[in-house]
Amino acid sequence: MKWKIPESNMKGVSVIICCYNSASRLPQTLAHLNEQVVPEDFSWEIILVNNASTDNTVEYTSTVWKENKPANATCRVVEELTRGQMYARKRGAREANYECLIFCDDDNLLDKNYVYLSWQVMLKDKKIGAAGGQNVPVTNSAAYPDWFEEYKDKYAIGIPAEESGDVTHRGFVLGAGLITRRALFLQVFDDRYPSLLNGRNGEKLTTGDDFEYCKRLLLWGFTLYYDKDLKLKHFIPAERLTIDYRDRLMDGIREATKVLSVYDRALFLHNKNKHKNRWRLLAITPFRILLARIGLSKRDLTTERQVLFYLSPFAREQDEVTSSIKKFLNNK
């Protein structure tokens, strides 16, 4: 995949907040953004994407910004009527003025250095496709339930590594506070190969759109980066610490895993064969399939068939997910 970072609008950051009925969660989020420490000559913006809210999210935000807004930042609201976090993120990216994007959820409390440090991280290496930091939980509940420690990573909580560096081997960075590049994000989710996982849709706890983004970045040869100084608090209200909410969340994760596991398989095959001659591999794989089918080879028949499918322009279409990943991988 050949991709060039746009030279314009590199010195600046666009913070995108995707909101659905977020008025009750926004006060702390906006307060932490108001405390960002950036150089006087550094420009940034906050874009709140109203994703078909039915409460007073827009009115509340407009009032806050009239009374107080961060230094050096512009603030605006844009509308995305199609429900789903990925639709909202794409709208925010299209509206953004800067190449460095931060996806800040409406319950993310960013450390005061998060915005400026994000920009610095993305300047480290052009191959960094996405980056993140350490996310710790905070709550208004009297205490975390006994089961929370076991499930906390499902709430976008975690410290990926002891030191800053490449975390490509993990296969993802957390979507809460995710940092990426505008042009890359829009190209990865071009209309030719739309997202298979579109995130939360109103009250439905679908998930995995952030992980899908990371998988696609890896398929195109980009890396993932962790910086231990990127810190945020993920606010988890008491109503999200119930067994009912947890179970609905897990249902959404299980559904997303069905798709993500196909990406993982495609990544395994891609990494295994990416340095091999494509045409030679295409020529010998049918013979490998034949030998595996008649029991004269120890090669896995299913794996060889998948290799042929991803390599061949004439291979018979498979299921929707696998076919979509092939289309993405080949940039068609």
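A brief structural summary. What you see as residue numbers is a count from 1 along each chain, following the sequence as written. Totals for whole chains, interfaces and linings use every residue, but because this is a predicted model, local features are given only for residues with pLDDT of at least 70 and side-chain atom pairs only at 80 or more, for both listing and counting. Values shown for side chains rest on all heavy atoms present in the structure; no hydrogens or waters enter the calculation.

Concerning the packing of helix 1 (residues 26-34) against helix 2 (residues 57-67)
In step 1: An axis is simply a line fitted to the C-alpha atoms; with a helix, the fit covers only the stretch in contact. Between two such axes, the angle follows the N-to-C directions and lies from 0 to 180 degrees. Secondary structure follows DSSP: runs of H or I at least 4 residues long count as helices, runs of E at least 2 residues long count as strands, and numbering of each begins at the N terminus. Their axes nearest at 11 Å, the elements helix 1 and helix 2 cross at an angle of 30°. Relative to helix 2, the element helix 1 lies roughly parallel. Remark: the crossing between helix 1 and helix 2 carries right-handed chirality. Contacts between helix 1 and helix 2 involve L26, P27 and L30 on the former and, on the latter, T57, Y60, T61, V64 and W65.
In step 2: Taken together, the residues that form the contact of helix 1 with helix 2 break down as six nonpolar, two polar and no charged. Our angle categories are set so that under 35 degrees counts as roughly parallel, over 145 as roughly antiparallel, 65 to 115 as roughly perpendicular, and the remainder as oblique. Throughout, a crossing is termed right-handed when the near helix is turned clockwise from the far one, and left-handed when it is turned anticlockwise from it by less than a right angle. Contacts are residue-level and defined by heavy atoms, with any inter-residue pair within 4.5 Å sufficient. Residue polarity is assigned by list, with Asp, Glu, Lys and Arg as charged and Ala, Val, Leu, Ile, Met, Phe, Trp, Tyr, Cys and Pro as nonpolar; anything else, Gly included, falls into the polar class.

So, the side chain of E212
In step 1: Position of E212 relative to the elements: it lies in helix 7 (residues 209-219).
In step 2: Throughout, exposure labels follow a simple rule: accessible area from a 1.4 Å probe, protein chains only, divided by the maximum for the residue type, with under 20% read as buried, over 50% as exposed, and the rest as partly exposed. For E212, a relative accessible area of 0% gives the class buried.
In step 3: Within 3.5 Å is the distance limit for a polar contact, defined as a pair of N or O atoms, with the added protein rule that one can donate a hydrogen and the other accept it, and that residues adjacent in sequence qualify only through two side-chain atoms. In this structure the side chain of E212 is engaged in a polar contact, spanning 2.6 Å, whose partner is the side chain of Y263.
In step 4: If we ignore the near neighbours within four places in the chain, the residues touching E212 are F189, S195, L196, L197, L260 and Y263.

Observations regarding the pattern of salt bridges
A side chain of one charge can pair with a side chain of the opposite charge when the charged atoms of the two come close.
In step 1: The salt bridge criterion pairs a side-chain nitrogen of Lys or Arg with a carboxyl oxygen of Asp or Glu, the two atoms within 4 Å. Summed over all chains, the structure comprises 21 salt bridges.
In step 2: We note a salt bridge from K11 to D41, for which the minimum N-O separation is 3.4 Å. Here the residue K11 occupies a position in the segment before strand 1 (13-19), and D41 occupies one in the loop between helix 1 and strand 2 (44-50), the gap between them amounting to 30 residues.
In step 3: For K11, a relative accessible area of 44% gives the class partly exposed.

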